[in-house]
Every structure is written in C-alpha cells, then in structure tokens.
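# Descriptive structure summary
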Amino acid sequence: MNETMNRLMSHRSIRKFTEKPVNRETLEDILRAAQMASSSSNMQAYSVINITDPQKRRQLAHIASDQSYVTESPVFLVWCADLQRLAASCGFDAGSGYVGTTENLVAALVDAALAAQNAVVAAESLGLGAVYIGAIRNHIHAVAELLELPELVMPVFGMCLGYPDQEPILRPRLPLAAVLHENRYDADKITDLVGEYDLTTERYMVERSGGKSKANWTDSMKKKLSAPIRMDIARFIGSRGFWRNEEKDMNPGERQ
Ligand SMILES: Cc1cc2nc3c(=O)[nH]c(=O)nc-3n(C[C@H](O)[C@H](O)[C@H](O)COP(=O)(O)O)c2cc1C
C-alpha cells in the first residue's frame, strides 16, 4: 500500500479537536485541493461558506441538534450545491435557460460532495481531522436564511475541521461483495453479507461504547428509517428556483 492508500484506509470522522487553530494558508490549501475534484461538465456547481462568526456558529450548532463539535471545531464550513453562479454568469433567471433542473441539481450535489471529500482527504494528509454535519439540513430553510443563500443554492452539509484530540477506532464497512456486483445487480447475496456485517458492527459497537451498546448495522438503519426526518427538503428545493416544469420540455425519447 502506498501513502495515499494508507491514508484513505485509516479514515475516521473526528469529533473532538485540540485548540490549535487552523491557519488561513492551510485552510486555503485544503480548499484548493477540493477545487481540483472532477466536476460535471466543469460546472463547479458548489460553494463553501466558512463560518467565522461565533453567533452564526452557535445558531448552526443548534440547528444541527446541538452537536457540540459544531461550535468547538476550529473551522466550520457549509458546503452548498450552487447553480446560482452559473445562472448569473450565463444571464439566465428562473424563467429562462435550463439551469435549475433536477439533472443540474443532481450534478451540483455530486460536485459539492466530490469537492468536500477531496477536502477531507487533503485535511487528513496534513494531520487534520474532519466530520461532515448533515444535521444542518434539520432546518434547511433556517440555514438558507442565516447564510443569506440566494435562489438555486442549497446547503448540503457542514464540515468540522481541526487537529484531532481523539483517536477513534475505525468504523468497519460492509463486506466489499455487498457493494460490488458483476455485470448485473445481484440482490440474492445481500441477506448473507449484511448478516455477516451485522456481527462485525455488533462487535464494533460493544468496543466503541465500552459494552453499553451492541446495536448492529441493521438495528441502527431500521431505527433511522422508521421515523420521518427532514421532510421539508422537497419543499425547499421546490421553492428555491429548482424544478421548473420539466415535463413540458421533455424530449420524446425521455417520455416513458
Ligand atoms: C453527508 C454526511 C453527513 C454526516 N452528518 C453527520 C452529523 O451530522 N454528525 C456526525 O456526528 N456525523 C455525521 N457524519 C459522519 C458519519 O456518521 C460517518 O462518516 C460514518 O458513520 C462513518 O464513520 P467514519 O467517517 O468514522 O468512518 C456524516 C457523514 C456524511 C457523509
């Protein structure tokens, strides 16, 4: 294994940081590396908002279920899918051009995620740690208002960055065979492989919680997926310039 592979294979989210600040140059290096991620048609349809205002940080932490590391981490970034810059550059508004389509929203979400993950890898290579904060979507309208996001900009997740003050054990992943298929999607193998993973995650949870929990992956996923969560995302997207009437503009080959 080379250095890059070793680093990728030792990733873990960091939720406790030392007080050592992340200097501006380091942050900019990380974000320049993020910018070098591949991007759909080179649209670069994302933006990053660096939250340096302590009051805004506290408000975002509150939105994100009061996760303490959102206020405590030296850096907190909000990653947004951004079609606004494209629309403005091309002179399109909500009524002209085809910027805010679902296809472009998907591209923008992917762009934001790829750039963000480049940032995580870059940060880890420089000795920093990171954790994504999807919980900012708990109140997506409030985040948009707080950060004065224009139409066609959607906050996707936050990210805490800083120097690690913990060394969590690695969280095991599904067996490769559960995510890797050959030529066709093979649903038959899932039960056995997930069963195997449930045993692994049970052992992991016992170790991580010091014996307090032995919730396996299926238990956790069942709990997560049994309650409605963030049900206003569709309304947010619909009210922010995305989703023009796409049906009427469908090409004949796209109607099925
Ligand atoms: C989009 C996204 C959102 C996430 N949101 C949160 C979050 O709000 N709070 C948190 O503590 N971890 C969050 N995580 C971290 C995941 O829980 C973590 O990556 C996963 O459990 C795997 O663990 P690892 O990163 O330590 O390997 C998020 C991860 C992703 C990719």
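See the structure shown above.
This structure is a prediction, so every number in the text was calculated from the model and none was measured. (Residues numbered from 1 in each chain as written. Predicted model: local features only at pLDDT ≥ 70, side-chain atom pairs only at ≥ 80, totals over all residues. Heavy atoms only, no water.)

Our focus in this paragraph is the pattern of salt bridges. A full pass over the atoms with the stated rule returns 6 salt bridges. With a shortest N-O distance of 3.4 Å, Arg7 and Glu3 are connected by a salt bridge. In this pair, Arg7 and Glu3 both sit in helix α1 (residues 3-9), 4 residues apart, roughly one turn of the helix. The class for Arg7 is partly exposed, based on a relative accessible area of 28%. The residue Asp29 makes a salt bridge to Arg32 at a minimum N-O spacing of 3.8 Å. Taken together, the residues span about one helical turn, with Asp29 and Arg32 both in helix α2 (residues 24-35) at a distance of 3 residues. Judged by relative accessible area, Asp29 falls into the partly exposed class, the value being 40%. Note on Arg32: relative accessible area 47%, which makes it partly exposed. (Salt bridge = Lys/Arg side-chain N within 4 Å of Asp/Glu carboxyl O. Helix = DSSP H or I, 4+ residues; strand = E, 2+ residues; numbered from the N terminus. Buried < 20%, exposed > 50% of the residue type's maximum accessible area, 1.4 Å probe, protein only.)

Counting buried residues in strand β3 (residues 129-133) gives 4 out of 5 residues, a clear majority hidden from the surface. One ladder, built from 5 bridges, connects β3 with strand β4 (residues 153-162); its direction is antiparallel. By the bridge assignment, Val131 is partnered in β4 with Cys160. (Pairing = 2+ DSSP bridges.)

For the rest of this paragraph, the subject is the site of the ligand. Around the ligand, the surrounding shell holds 14 residues, and the nearest of these are His11, Ser13, Arg15, Gln67 and Tyr69. Measuring from a nitrogen atom of the ligand, one finds a backbone N or O atom of Gly134 at 2.8 Å. About the coverage of the ligand: the protein hides 69% of its 620 Å² of free accessible area. Considering every element that reaches the shell around the ligand, the biggest residue donor is β3, with 3 residues. Its residues assigned to classes, the shell around the ligand shows 6 nonpolar, 4 polar and 4 charged. (Near = heavy atom within 4 Å. Polar contact = N/O pair within 3.5 Å; in protein donor to acceptor, adjacent residues only side chain to side chain. Areas by Shrake-Rupley, 256 points an atom, 1.4 Å probe, with all protein chains shown as cover. Nonpolar A, V, L, I, M, F, W, Y, C, P; charged D, E, K, R; others polar.)

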